[in-house]
Amino acid sequence: MPLIKSAIKRARQNTVRQDRRKPVKTYMKTMMKKMEDAVKAGKKDEALKMLAETYKAIDMAAKVNILHKKTAARKKSSMAKLVATK
């Protein structure tokens, strides 16, 4: 537990920011997992429909600085590649 006043404030800010970012990150992970499961199940048309929504989730995470923009681009590319190969 922090003792210094500025450290106490920093800890409080970190928990608030963590709570603010968490839904975006979990939504992104959920969409990626759903798309991977759809591809593994052989539902290519369903995966294609989910691709746009997955892109949106990844872009939102990059916008809120949860992901670096190049990491987001890499994730989007891997999702597109996953759908294209199956």
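Here the structure is shown first, and the text comes after it.
Quick caveat: nothing in here was measured; it's all calculated off a predicted structure.

K.L.:
What am I meant to see in the packing of helix H1 (residues 5–40) against helix H2 (residues 44–63) here?
P.N.:
Geometry of a packed helix pair, given as the angle between the helix axes and the separation of the axes. Direction vectors running N to C along H1 and H2 enclose 160°, while the axes themselves pass 9 Å from each other. By the criterion of interaxial angle, the relationship of H1 to H2 is roughly antiparallel. In the crossing of H1 with H2, the sense of the turn from one axis to the other is left-handed. Between H1 and H2, the contacting residues are Val-24, Tyr-27, Met-28, Met-31, Met-32, Lys-34, Met-35, Ala-38 and Val-39 on the first element and Glu-46, Ala-47, Met-50, Leu-51, Glu-53, Thr-54, Ala-57, Ile-58, Met-60 and Ala-61 on the second.

K.L.:
When you look at the nonpolar core in this model, what are you seeing that I'm missing?
P.N.:
If you look at soluble globular proteins, the nonpolar side chains tend to sit buried side by side. Core analysis: the largest hydrophobic core is formed by 18 residues, its most contacted members being Met-28, Met-35, Ala-47, Ile-58, Leu-67, Met-79 and Val-83. Dropping the residues within four chain positions of it, Leu-67 is found in contact with Met-28, Ile-58, Ala-61, Ala-62, Ala-72 and Lys-75.

K.L.:
Would you take a moment to explain unusual backbone geometry for this structure?
P.N.:
Most peptide bonds adopt trans geometry, and most residues besides glycine take a negative phi value. In the Ramachandran plot, Asn-65 falls in the positive-phi region, its phi being about 65° despite a non-glycine side chain. Along the chain, Asn-65 falls in the loop between H2 and helix H3 (69–85). The exposure class of Asn-65 is exposed, given its relative accessible area of 64%.

Definitions and cut-offs
- Residues numbered from 1 in each chain as written.
- Predicted model: local features only at pLDDT ≥ 70, side-chain atom pairs only at ≥ 80, totals over all residues.
- Heavy atoms only, no water.
- Axes fitted to C-alpha atoms, helices over the stretch in contact; angles between N-to-C directions.
- Helix = DSSP H or I, 4+ residues; strand = E, 2+ residues; numbered from the N terminus.
- Parallel < 35°, antiparallel > 145°, perpendicular 65-115°, else oblique.
- Left-handed = near helix turned anticlockwise from the far one by under 90°.
- Contact = heavy atoms within 4.5 Å.
- Core = buried A, V, L, I, M, F, W, Y, C linked by side-chain atoms within 4.5 Å.
- Buried < 20%, exposed > 50% of the residue type's maximum accessible area, 1.4 Å probe, protein only.

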